[in-house]
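Each chain, written out:
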Amino acid sequence: QVQLVESGGGLVQPGGSLRLSCAASGSIVSIYRMGWYRQAPGKQRELVASITSGGSTSYIDSVKGRFTISRDNAANTVTVYLQMNNLKPEDTAVYYCNAAHPLVPSRVYWGQGTQVTVSS
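(A) Here's a closer look at the pairing of strand β3 (residues 18-26). Alignment of strand β1 (residues 2-7) against β3, held across 6 bridges, turns out to be antiparallel. Its bridge partner being in β3, Leu4 is matched across the sheet by Ala24. Pairing of β3 with strand β8 (residues 77-84) involves 8 bridges; the strand directions are antiparallel. Across the sheet, Arg19 pairs through a bridge with Gln83, a residue of β8.

(B) View of the sheet that holds β8. Here 4 strands make up an open sheet; going across it, the order is β1-β3-β8-β7 and the pairing antiparallel. Since the sheet does not close on itself, it has two edges, and those belong to β1 and β7 (67-74), each with one partner. Within the sheet, the average angular offset between the axes of one strand and its neighbour, ignoring direction, is 15 degrees. Bridge count between β7 and β8: 8 bridges; the pairing is antiparallel. Within β8, the position partnered with Asn73 by the bridge is Val78.

Basis of the calculations
- Residues numbered from 1 in each chain as written.
- Predicted model: local features only at pLDDT ≥ 70, side-chain atom pairs only at ≥ 80, totals over all residues.
- Heavy atoms only, no water.
- Pairing = 2+ DSSP bridges.
- Helix = DSSP H or I, 4+ residues; strand = E, 2+ residues; numbered from the N terminus.
- Axes fitted to C-alpha atoms, helices over the stretch in contact; angles between N-to-C directions.

This is how it looks when you write it as structure tokens:
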């Protein structure tokens, strides 16, 4: 079992920055692939960025060069960050932290979500 607790959302003006954090705890959580998803009203949830246990990252095209995902591993805990710069109104969404076991597809966990609103 993995528990995820997110923080860092809020209201920001276009061009501003926010950093989201996700504290993940549980057995062998350090091997999990960690990701940030987002869901805007009326749209499907999409994977924004992910990072493997080895530090390999991937991003959707719309956030490349603006968002950076990173992680800190410790015994039974992982903190994953999403640094978001040059935010745009279209980035407005609820952002969810995700943990996925690399070998067991059924072991997927979600955070509660944090709202990010980009508006002037």
